[in-house]
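Results of the structural survey
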Amino acid sequence: MPIDISLRTLAYYDANADGFWAGTRDHDVSQNIEALVSAIHATPPLSILDFGCGPGRDLKALKDAGHVPIGLEGSARFAEMAREYSGCEVWQQDFLELSLPHAFFDGIFANASLFHVPSMHLPRVIGELGAALKPGGVFFCSNPRGDGEEGFSGERYGCFFDHERWLSFFTAQGFDEVTHYYRPTGKPRAEQRWLALVLRKHH
């Protein structure tokens, strides 16, 4: 079942890569990047894993800011696009079958990606990502919020949880919350469909 979930979701992104890129390449996520970078106590340039890097928009922004980002992407088409657009190293890996170096990254940036992992696998995946962080490393994630719904929306699998539920997955894996906020800024809460979390790994 999990592999089928991955295959369906990745097949969607592979098939719609160009349209997805056209629709998202101009999105301003500087607030999210700043939330991650400002919480990291290490001295720049920072080693950052862009988890679910898509076509490479944020990879390039991190690189242009002087950091050393590495992308991780399940979609073969996105991984190829990200390498070409950003000039960064990109690892093509299924989110459910990760192979990561231990205590390597200062930060992890998971913008609109982690929610594709089924909840039954989130403890393991968050644990594996946490193990790839240096002690005191910072994890940023932004996910569409909801009231506990989970399943396929069209061909894409997603978890739509509230702040408390997302936070519980991380605290169970040894993280403390630094801050959280809702996006887009300046909208009524009902129209802020995205929940951003910044978390620090215990030393």
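Residues numbered from 1 in each chain as written. Predicted model: local features only at pLDDT ≥ 70, side-chain atom pairs only at ≥ 80, totals over all residues. Heavy atoms only, no water.

Where an unreviewed UniProt entry is consulted, the protein appears under the name Class I SAM-dependent methyltransferase, with the organism given as Pendulispora rubella.

1. Notes on the packing of aromatic side chains
Counted according to the given criterion, the structure contains 15 aromatic pairs. Centroid distance Tyr-13 to Phe-78: 5.5 Å. Interplanar angle 45°. Geometry classified as tilted. In this pair, Tyr-13 sits in helix 1 (residues 2–15) while Phe-78 sits in helix 5 (residues 76–86), placing the two residues 65 residues apart along the sequence. When its relative accessible area of 3% is taken as the criterion, Phe-78 is described as buried. Following the ring pairs from residue to residue traces out a cluster consisting of Tyr-12, Tyr-13 and Phe-78. (Phe/Tyr/Trp six-rings, centres within 6.5 Å; stacked < 30°, edge-to-face > 60°. Helix = DSSP H or I, 4+ residues; strand = E, 2+ residues; numbered from the N terminus. Buried < 20%, exposed > 50% of the residue type's maximum accessible area, 1.4 Å probe, protein only.)

2. Describing a negative patch on the surface
A surface patch of like charges, here negative, comprises Asp-147, Glu-149, Asp-162 and Glu-164. Tracing the backbone shows Asp-147 in the loop between strand 5 (133–144) and strand 6 (149–153). (Patch = residues over 30% accessible without salt bridge, like charges linked within 9 Å, V, L, I, M, F, W, Y side chains within 5 Å. Areas by Shrake-Rupley, 256 points an atom, 1.4 Å probe, with all protein chains shown as cover. Salt bridge = Lys/Arg side-chain N within 4 Å of Asp/Glu carboxyl O. Lys, Arg positive; Asp, Glu negative; His and termini not counted. Charge placed at Lys NZ, Arg CZ, Asp CG, Glu CD.)

3. Observations regarding the pattern of salt bridges
Opposite charge on two side chains permits them to pair, given that their charged atoms come into close proximity. In total, this model carries 7 salt bridges according to the counting rule given. With a closest N to O distance of 3.0 Å, Asp-64 and Lys-60 form a salt bridge. You can see Asp-64 and its partner Lys-60 sitting in helix 4 (residues 57–64), 4 residues apart, about one turn around the helix. Take Lys-60: its relative accessible area is 27%, and that puts it in the partly exposed class. Salt bridges here are not isolated pairs; linked through shared partners, they connect Asp-18, Arg-77 and Glu-80.

4. Side note on the side chain of Ser-6
Of note, Ser-6 is situated in helix 1. Aside from chain neighbours lying at most four places away, what touches Ser-6 is Asp-94 and Leu-96. (Contact = heavy atoms within 4.5 Å.)

5. Concerning the nonpolar core
In terms of nonpolar packing, the biggest core is built from 36 residues, with Phe-51, Leu-114, Leu-129, Phe-139, Trp-166 and Phe-170 touching the most fellow members. When residues no more than four places from it in sequence are discounted, the contact partners of Phe-51 are Leu-72, Phe-95, Leu-98, Ile-108, Phe-109, Ala-110, Asn-111, Ser-113, Leu-114, Val-125 and Leu-129. Ranked by size, the runner-up nonpolar core spans 16 residues in total, among them Leu-36, Ile-48, Phe-140 and Ala-196. (Core = buried A, V, L, I, M, F, W, Y, C linked by side-chain atoms within 4.5 Å.)

6. Side note on the environment of His-27
Within the secondary structure layout, His-27 lies in the loop between helix 2 (17–24) and helix 3 (30–39). Residue His-27 is classed as partly exposed on the basis of its relative accessible area, which comes to 46%. As a C-alpha pair, His-27 and Asp-58 span 31 residues in sequence and 9.8 Å in three-dimensional space.

7. Thoughts on the sheet that holds strand 4 (residues 105–111)
Strand pairing in a sheet takes place through backbone hydrogen bonds and is either antiparallel or parallel in direction. Taking strand neighbours across the sheet as the criterion, the 7 strands line up as 3-2-1-4-5-9-8 in an open arrangement whose pairing is mixed. The strands lining the two open edges of the sheet, one partner per strand, are strand 3 (90–92) and strand 8 (175–183). With strand direction ignored, the average angle separating the axes of adjacent strands in the sheet is 15°. In this structure, strand 4 lies alongside strand 5, joined through 6 bridges in parallel fashion. Among the inter-strand pairings, Phe-105 is bridged to a residue of strand 5, identified as Leu-133. Of the strands in this sheet, strand 2 (68–73) and strand 3 are in contact with helix 5, which crosses strand 3 at around 170°. (Pairing = 2+ DSSP bridges. Axes fitted to C-alpha atoms, helices over the stretch in contact; angles between N-to-C directions.)

8. Remarks on helix 5
Think of an α-helix as 3.6 residues a turn; residues three or four steps apart then line up on the same face. Among the residues making up helix 5, those that are buried are Phe-78, Ala-79, Met-81, Ala-82 and Ser-86. The buried residues of helix 5 occupy an angular sector of 165° when projected down its axis, which confines them to one face. Immediately downstream of helix 5, the backbone of Gly-87 shows phi near 75°, a positive value. (Arc of directions from axis to C-beta.)

9. Quick notes on the environment of Leu-199
Among the secondary structure elements, Leu-199 is positioned in strand 9 (residues 194–201). Setting aside anything within four residues of it in sequence, one finds Leu-199 in contact with Gly-137, Val-138, Phe-139, Leu-167, Phe-170, Phe-175, Asp-176, Glu-177 and Val-178.

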